[in-house]
Amino acid sequence: MNVSLKWLATLVDIQGINAEDMAETLTVDGIPVEHVVYPAKGISNVKTGKILEIEKHPDANKLVVCQLDIGEKDTIQIVTGASNVKVGQIVPVALHGAHLPAKHDASKPGGLAKGDIKIKKSKLRGVQSDGMMCSVGELGLDCNLFIGVESEGIMILPESTPIGIDFTTLYDLDDVIYEMELTANRADCFSMIGMAREVGAIFKRKVNLPEISIEEKGETIKGRADLAIENPEYCSRFGLRLIENVKIGRSPEWIENRLRSNGIRPINNVVDAANYVMLEMGQPLHTYDYDKISGHSLTCRHAKKDEVIITLDEKERKLLPTDLVIADEKGPVCIAGVMGGLDSEVTNKTKNILLESAVFDSASIRRTSRRLGLRSEASGRYEKGVNPEASLDALNRFCQILLEQNACTVARDILDLYPVPKEKQTVITTVEEINKYIGMNIPKETIIDILTRLSFTVEEKENKLKVEVPLFRLDIESGMPDLAEEVARVYGYSKIPNTTPWSAIVKGRMTKEMETLIKVQNSLIENGMTETLTYSFMHKNALKLLNYTEKDFVNKAIPIINPISEEYPVMRTTLLPGLFRTLKYNLSQKNNNLAIFETGKVYYPKELPLKELPEEVVMISGLLCGNTENEGYPNEVKKYDFYDIKAIVENVLSNIGIKNYEIRRSSHPTLHPGISAEFVKDGCVLAIFGEIHPNVLDVLNIKEKVFGFIMELKNLDKYADEKIIYSKIAKYPAVERDLAITVPVSKSNNYVENIICKAAGKYLESLKLFDLYQGEQIKSGYKSMAYSLKFRLKDRTLTDEEVNQWINKIIEELSKEDISLRE
């Protein structure tokens, strides 16, 4: 929307207000001005002149010499190559010292070079030229906005143009135009009257709205036209007027100038009047040739299946049942709120007009407009909302404009359908509530004054304000908060004191769980693993491939209503499907050495179907496959094994401070039952790791051994210890002893170590299993296990007698469990 300050000045007193300052104030107060445009900028010392004589140039066939009257004592002489000049024409003349915004240059886009062009007296082929007659382009004007003006050649002005006047006073070029960037909710400001109300309220200036009065001399419209609404939900008001004996012609120049200020091309007095009323009042109008409307009856309805209409741009449009149309007895004559039909168009031969003013559903107009690619000033206003109370005034304003031109006769009465009249909104509030919401203490009198200036009706009673919202303020929906915003913006946001809002501010830091997760990720990366990221979705078939049964809890997955593809229909309950998918892809690309991990959430529903949000659990899982080093000198080819995956998990636990955990066999379905284990502390599983089950590898067609681990963050975080325990380097030497024993196969390493540690006492510094053997030299049902023990005292060196005493006690305790020294 553009706002002409010359036009605005006829509606509100803006005398003495600087244009730039007003634009700044409006922008701050929520009515943003994007650009301030000066149409005459770049034009100076250009006058209107009349061509008195034209002679051929004595030394150039394509040039002529013109004598012009520019309203001064002496005529001037100008040499030109323009072919459209004739004696008696009035043209714009740039005199010596004049400035123009452009000049002809065939090498530039549009044939014009933009810039500050200075005009000087000169000789053309020996003949003096005192200036230059100007084209539309050289004056920086758009020829499409001027009737009868050609893009090429000299601009020919109307015969009634005064001679010798400054060209910038023509067509209101000395105006100032605001290019507005209004928000969609302020539909009332998409009109000159709406802008006048705002300016008047903000600057405390008097608003002078046009008085509408018409003389109805024709017979009544009743019985000669009819209208109907099929669905009031999509058309809340529908009004018609009959205008007869219409004389089609040019509009007065003041109307054409105001249309041009908004970039609208003047057409004729009927079309221009409709556009003018739309800009002035915000109510789009549509005109129909009364004699072309079948049955002289119009109905607002939805289009029928396979209906078509030829619109004003002469294109056939196929309509959908969701499109709103205005139809006569034969079919659609207008796409409601978007574009009229060619068959009912007002032409130079039109004598009688049906004038429509309606209010359509915003969403319906937006949908149709976008589908057809037809956006216009009218559709844009309907999309934002139109005040139904102004519909009849818009009809009468149109008639008033044509009557002032003696261009019509207005039939008596208006046909008006208003099924559900819009009720005024009333807000009950207090001064205290408004001030508390704004955050300052504005006097009651000021609040009432601001709301009154904004056309709200305010009644004070028993310390409460009863505020009646004007119908044109479609944006007031939230009651008191909206009123407080109105008061604040007009009072001035800059006057609101800067205060720090109260808040229980705490020092920003990561949660302990997040710190633990980052330590785990860093530890895995330090151990040579690469982090991956996969979808949070999976397919249940992937669980079957990983040896899970239907009874396993991971099969209780949340289905997705609209999955991204058929491959991912449920939320994941484990990270393994995504990791194996990544592993297989890399193997197919000959990337055979892999150490990958992922950290992410899995989703466990409390019940299905979902009645509450699922539990989101952060998991860490990883896979190893191939060699620990890339093949080739000097690297030694060594494949990943059980102890590699065990070491990685142990390093993770060590880096987050978890100690004194137990190790036991794992029964995880995806892992090999004999080559898998889990670390446990206080009955809580910290990590599960081991070789992937051969059945899983066979089903997935993976030929290499794969090792993996699974950890749950909340279990790790539960025992993660941030404390760093410092101990001095031992001053005295340790005493080492090796112990080779035969152990029943049923007893695990962990079981044996617990016996040794309890028997050895507090001076046992370390215990390590360095050999495990089962074979012919060991009797059936037993295995050989060799341990390295290290004893140390902090204050002195141990004696052999002391160490022997502890070793003997260890042997004694082991013998109680059928464990003996190896012979």
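All residue numbers refer to position in the chain's written sequence, counted from 1. Restriction of local features to residues with pLDDT of at least 70 applies here, the model being predicted, together with a cutoff of 80 or more for giving and counting side-chain atom pairs; totals for whole chains, interfaces and linings are based on all residues. As a rule here, side-chain values cover all heavy atoms of the structure and leave hydrogens and water aside.

> What is the right way to look at the overall build of the protein chain in this model?
Each helix is a run of H or I in the DSSP string that is no shorter than four residues. Each strand is a run of E no shorter than two, and both are numbered from the N terminus. The number of helices and strands found in the protein chain is 19 helices and 40 strands. C-alpha atoms define the radius of gyration in this analysis, and the globule rule sets the expected value at 2.2 Å times the number of residues to the power 0.38. Taking 28 Å as the expected radius of gyration for a compact globule of 823 residues, we find that the protein chain reaches 45 Å, considerably beyond that expectation. For the exposure calls, accessible area comes from a 1.4 Å probe over protein chains only, and a residue counts as buried if that area is under 20% of its type's maximum, exposed if over 50%, partly exposed in between. Per-residue burial over the protein chain gives 48% buried out of 823 residues. Taking all contacts inside the protein chain whose residues are at least 6 apart in sequence as the whole, residues at least 24 apart take part in 69%. Only the protein chains shown count as cover for residues, and the accessible areas themselves come from Shrake-Rupley with a 1.4 Å probe. By element, 48% of the accessible surface of the protein chain is carried by carbon and sulfur atoms, the whole surface being about 43200 Å². Note on charges: Lys and Arg go in the positive column, Asp and Glu in the negative column, and His and the chain ends are not counted at all. Every charge is mapped to an atom, namely NZ of Lys, CZ of Arg, CG of Asp or CD of Glu. Positive and negative side-chain charges of the protein chain, numbering 104 and 119 respectively, have mean locations separated by a distance of 3 Å. Two residues form a contact once any of their heavy atoms are found within 4.5 Å.

> Can you help me understand the nonpolar core in this one?
Here, the term nonpolar core denotes a set of buried Ala, Val, Leu, Ile, Met, Phe, Trp, Tyr and Cys residues that are joined through side-chain atoms within 4.5 Å. Core analysis: the largest hydrophobic core is formed by 74 residues, its most contacted members being L8, M22, L26, Y178, M180 and F398. Residues in contact with F398, not counting those within four places in the same chain, are I243, V270, A273, A274, V277, L285, T287 and L355. Counting residues in hydrophobic clusters, the runner-up holds 35 residues, among them I335, V338, V359 and F360.

> Where do I start with the UniProt feature "domain: TRNA-binding" (unreviewed entry) in the protein chain in this structure?
Within this numbering scheme, the UniProt entry marks residues 40-168 as carrying the feature "domain: TRNA-binding" (unreviewed entry). Secondary structure across residues 40-168 comprises 0% helix and 43% strand; the distance between its end C-alpha atoms is 6 Å. UniProt positions are given in the numbering used here, feature names are shortened, and annotations may be inferred rather than shown by experiment.

> Help me understand the pairing of strand β13 (residues 226-229) in this model?
For a regular strand, side chains alternate in direction, first toward one face of the sheet and then toward the other. Only one face of β13 is buried: it carries L227 and I229, and the other face, with D226 and A228, is open. Strand pairing is assigned whenever DSSP detects at least two bridges linking the two strands. Relative to strand β16 (residues 297-302), β13 runs parallel, the two being bridged by four bridges. When the sheet's bridge partners are listed, I229 is paired in β16 with C300.

> How should I be thinking about the packing of helix α5 (residues 269-281) against helix α8 (residues 391-404) in this particular structure?
Helix-helix packing: each pair is described by the crossing angle between the helix axes and the interaxial distance. Put simply, α5 and α8 touch, their axes get as near as 9 Å, and they point 135 degrees apart. Between α5 and α8, the crossing angle belongs to the class labelled oblique. Relative to α8, the crossing made by α5 is right-handed. Touching N269, V270, A273, A274, Y276, V277, E280 and M281 of α5 are D393, A394, R397, F398, I401 and L402, all from α8. Note on residue classes: Ala, Val, Leu, Ile, Met, Phe, Trp, Tyr, Cys and Pro are nonpolar, Asp, Glu, Lys and Arg are charged, and everything else, Gly too, is polar. Across the contact of α5 with α8, the residue classes tally to ten nonpolar, one polar and three charged. Lines fitted to the C-alpha atoms define the axes, with helices restricted to the stretch that makes contact. Angles between their N-to-C directions range from 0 to 180 degrees. Put simply, angles under 35 degrees are roughly parallel, angles over 145 are roughly antiparallel, angles from 65 to 115 are roughly perpendicular, and the rest are oblique. Each crossing gets its hand from how the near helix is turned against the far one by less than a right angle, where anticlockwise is left-handed and clockwise is right-handed.

> Would you explain the sheet that holds strand β20 (residues 332-335) in this entry?
Working definition: the strands of a sheet are paired by backbone hydrogen bonds and lie parallel or antiparallel to each other. Overall, mixed pairing links the five strands, which are arranged β13-β16-β19-β20-β21 in an open sheet. What marks the edges here is a single partner per strand, and that holds for β13 and β21 (339-340).

> I tried to follow the environment of D172 on my own but got confused; where do I start?
As for its position among the elements, D172 is in the loop between β10 (131-133) and β11 (177-180). For D172, a relative accessible area of 23% gives the class partly exposed. When near neighbours in sequence (up to four residues on either side) are disregarded, D172 contacts K6 and N257.

> Can you help me understand the UniProt feature "domain: B5" (unreviewed entry) in the protein chain in this one?
UniProt's feature table lists "domain: B5" (unreviewed entry) at residues 422-498, given in the numbering used throughout. Helix makes up 39% of residues 422-498 and strand makes up 21%, while its end C-alpha atoms are separated by 40 Å.

> I keep staring at the domain arrangement of the protein chain and nothing clicks. Help me out?
One frequent convention defines the size of an interface as the accessible area lost when the parts assemble. Domain extents, as shown, originate in an automatic or database domain assignment. When its domains are assigned, the protein chain resolves into domain 1 (2-39 + 176-203), domain 2 (44-169), domain 3 (218-417), domain 4 (426-491), domain 5 (512-719) and domain 6 (735-821). For domain 3 versus domain 5, the distance between C-alpha centres works out to 68 Å.

> Is there a simple way to think about the packing of aromatic side chains in this case?
Two aromatic rings are characterised by how far apart their centres lie and by the angle between their planes. Two rings belonging to Phe, Tyr or Trp (six-membered ring only in the last case) form a pair when the distance between their centres is within 6.5 Å. Interplanar angles under 30 degrees mark stacking, angles over 60 mark edge-to-face geometry, and anything in between is tilted. Overall, the coordinates contain 14 aromatic pairs when judged by the stated rule. Ring plane angle 55 degrees and centroid distance 4.8 Å describe the contact between Y661 and F679, whose orientation is recorded as tilted. Highlighted residues: Y661 in the loop between α15 (642-655) and β33 (662-665) and F679 in strand β34 (residues 671-681), separated in sequence by 18 residues. Given a relative accessible area of 23%, Y661 falls into the partly exposed group. Exposure remark for F679: the relative accessible area of 2% places this residue in the buried category. When the centroid spacing of 4.8 Å and the interplanar angle of 40 degrees are considered together, the rings of F679 and F689 count as tilted. Pair noted here: F679 is in strand β34 and F689 is in strand β35 (residues 684-692), with a separation of ten residues, a long-range link. Comparing F679 with F689, the two get one shared label, buried. Site record: aromatic cluster; members linked through ring pairs are F642, Y643, Y661, F679 and F689.

> Even after reading the chapter, I still don't get the environment of K714, so can you show me in this structure?
You can see K714 is positioned in helix α17 (residues 713-719). Placed 197 residues apart in sequence, K714 and L517 show a C-alpha to C-alpha distance of 9.5 Å. At 3.3 Å, the side chain of K714 forms a polar contact with the side chain of E615. Polar contact is the term for a pair of N or O atoms within 3.5 Å; when the atoms are in protein, one must be able to donate a hydrogen and the other to accept it, and sequence-neighboring residues count only if both atoms are side-chain atoms.

> Just to check I follow, could you spell out unusual backbone geometry for this structure?
Trans is the common state for peptide bonds, and a negative phi is the common state for residues other than glycine. Of the consecutive residues L608 and P609, the connecting peptide bond is found in the cis state with omega at -5 degrees. Along the polypeptide, P609 turns up in the loop between β31 (594-604) and β32 (615-625). Backbone geometry places D306, a non-glycine residue, at a positive phi of 70 degrees. Exposure remark for D306: the relative accessible area of 52% places this residue in the exposed category. Look at N701: it is not a glycine, yet its phi comes out positive at around 60 degrees. Looking at the secondary structure, you find N701 in the loop between α16 (694-699) and β36 (706-712). Among the residues examined, N701 registers a relative accessible area of 53% and is labelled exposed.

> So what exactly am I meant to see when it comes to the pattern of salt bridges here?
As a working rule, side chains carrying opposite charge can pair if their charged atoms are close by. The term salt bridge refers to a pairing of a side-chain nitrogen on Lys or Arg with a carboxyl oxygen on Asp or Glu at a separation within 4 Å. Throughout the structure, instances matching the rule amount to 47 salt bridges. Across the pair D641 and K638 runs a salt bridge whose closest N-O atoms are separated by 3.7 Å. Classification of D641 by relative accessible area gives partly exposed; the value is 26%. K714 is the partner of E712 in a salt bridge, and the nearest nitrogen-oxygen pair spans 3.5 Å.

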